[in-house]
Amino acid sequence: MRASAGRLGSAGLLASALAACIPEGGTGFVQIKTVPASSVSQPSLYLDSVKLEPLKKGAAVLSRKAGTSKLQAEVAGGQLALLCDIVVKKNRITTVTISIVERPPRCQCTHNASQGSQANRTCIG
Amino acid sequence: MIGSLVSLSAVKRAAAVLAVVGAISSGSMWAEAGANADADAFVPVEEYARKVEEFTKNAPNLNKKIEDGTKVIDNLADVPKARSEIEQLRAVVADLLGRVSDNGELARLGAKALEHSRNKLKVLEQDTRFKPEERQFLADHWRELIRQTERAAEDLDRARLEFAELLRTLQTREDFIDELLQIRRAAEAIKVLRQLTSELRDASEKLKTLIGGIKPPGV
């Protein structure tokens, strides 16, 4: 009796631990804005490994699976420079503004992560 | 009434399609390979028009859900319940936004339709097989289709911005309510809810007008 209760308890603990590891499903959105919007020398942007289409009027709203994505820009020599991490949550929108006059371009998050060493380079929705 | 309007728009589009296809097929020196290329150029426009029409038919149902959710929130004094209602509204707005996002199917089809139509027009303008007036007739039709496709894409751009703004409003109000509940300020949270419902009503009216104004190309 006691053994089975213990097994049940362990199973419960395992289930909660697993649930904490499994990322929240669903889809959210990333809104990317560039300043200045009308710049002709817009750098090529990448969300993880996917190259983004040039932003129309300096803005785009992209649907994205919930999770963390890396926003990168192509810099001199074709190298990719990490601008910031973007945390996408289910049915929420994460907005990031990229200042493209700076070299390399810089992310400005509407809402930063509050914890972690990369907090000021992590935008969340 | 709605059914008859829909079928009327479908008939108009079919007529426009027939006009262009008929005009193209009347070219006596049209080679078979050329005719296939014409048909291919029109397919993306038709596909885009169908998807735009599908969106404009479905969006009002979702907008109705926003209106209904707003009414429910307005009558609730239980903040946690209202908060859960906001969460459901976010799902509805996210559904709408997903349909018009820049990497969504509609945007992809719109870009494809425009690219094919512009290429087709370029080829036609340099085509010397037809009489000038025949070439002009065909080119005018393609120009009009391009204009209509661009206009539909611009309307969807505006809708995308509105949905994004609405989603942001919902999530920031929800976060603010959470913060207020953390410091046990339920009365202030109720005030935020009332303000939110007023914003939602305005947004819903704006969306109704915006979505009602979107016309698929070829209509």
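A quick note: this is a predicted structure, and the numbers were derived from the prediction, not measured.

Criteria and cut-off values
Residues numbered from 1 in each chain as written. Chains lettered and ligands numbered in written order. Predicted model: local features only at pLDDT ≥ 70, side-chain atom pairs only at ≥ 80, totals over all residues. Helix = DSSP H or I, 4+ residues; strand = E, 2+ residues; numbered from the N terminus. Buried ≥ 20, exposed ≤ 12 C-beta atoms within 10 Å, placed from the backbone. Contact = placed C-beta atoms within 7 Å. Axes fitted to C-alpha atoms, helices over the stretch in contact; angles between N-to-C directions. Parallel < 35°, antiparallel > 145°, perpendicular 65-115°, else oblique. Nonpolar A, V, L, I, M, F, W, Y, C, P; charged D, E, K, R; others polar. Pairing = 2+ DSSP bridges.

> Give me the lowdown on the overall build of chain A, citing residues and values where you can.
Counting secondary structure elements, chain A contains one helix and nine strands. Along chain A, helices (α) and strands (β) appear in the sequence α-β-β-β-β-β-β-β-β-β when read from the amino end. Each of the 125 residues in chain A was classed as buried or not, and the buried ones make up 26%. Here the contacts in chain A between residues at least 6 apart in sequence split such that 57% fall between residues at least 24 apart.

> Requested: an account of the packing of helix α5 (residues 132-182) of chain B against helix α6 (residues 186-212) of chain B, with residues and values cited.
All names here are of chain B. Between α5 and α6, the least distance of the axes is 10 Å, while the angle of their chain directions is 170°. With respect to α6, the element α5 is oriented roughly antiparallel. On α6, the residues that touch Arg158, Ala159, Glu162, Leu166, Thr169, Arg173, Phe176, Ile177, Leu180 and Leu181 of α5 are Ala186, Glu188, Ala189, Val192, Leu196, Glu199, Ala203, Lys206, Leu207, Leu210 and Ile211. A breakdown of the residues in the contact of α5 with α6 according to their chemical character gives 14 nonpolar, one polar and six charged.

> So what's going on with the sheet that holds strand β1 (residues 27-35) of chain A? Residues and values would help.
Residues and elements named next belong to chain A. A sheet is described by the order of its strands in space; here four strands give the open sequence β4-β1-β7-β8, paired in mixed fashion. Edge strands, defined here as strands with exactly one partner in the open sheet, are β4 (59-65) and β8 (106-109). On average, each strand axis in the sheet is inclined to that of its neighbour by 30°, with strand direction left out of account.

> Lay out the interface of chain B and chain A with the relevant residues and their values.
Listed per partner, the contact involves 14 residues of chain B and eleven residues of chain A. Mapped by element, the contributors of at least two residues to the side of chain B that touches chain A are α3 (79-100) and α5 of chain B. A breakdown of the residues in the side of chain B that touches chain A according to their chemical character gives five nonpolar, five polar and four charged.

> A description of the environment of Lys65(B) should follow, citing residues and the corresponding values.
Mapped onto the secondary structure, Lys65(B) falls in helix α2 (residues 32-74). Put simply, Lys65(B) and Leu89(B) are 24 residues apart on the chain and 7.7 Å apart in space, counted from C-alpha to C-alpha.

> Give a detailed account of unusual backbone geometry, specifying residues and quantitative values.
The linkage connecting Val35(A) with the following residue, Pro36(A), adopts the cis geometry, with an omega of -5°. Its location among the elements puts Pro36(A) in the loop between β1 and β2 (45-47). Its identity is not glycine, yet Lys57(A) carries a phi of approximately 50°, on the positive side. Tracing the chain through its elements places Lys57(A) in the loop between β3 (50-51) and β4. For Lys57(A), a count of 11 C-beta atoms within 10 Å puts it in the exposed group. The phi dihedral of Arg184(B) is positive, around 60°, even though this residue is not glycine. For Arg184(B), the position within the fold is in the loop between α5 and α6.

> Give a description of the pairing of strand β6 (residues 80-88) of chain A that names residues and reports values.
Each regular strand carries side chains that alternate between the two faces of the sheet. Residues and elements named next belong to chain A. As judged from the eight bridges shared by strand β5 (residues 67-74) and β6, these two strands associate in the antiparallel manner. Note on β6: the bridge partner recorded for glutamine 72 is leucine 82. Hairpin connection from β5 to β6: five residues lie between these consecutive antiparallel strands, with glycine 77 at a positive phi of about 80°. Direction of pairing for β6 relative to strand β9 (residues 122-124): parallel, over a ladder of three bridges. Pairing of isoleucine 86 across the sheet is with cysteine 123, part of β9.

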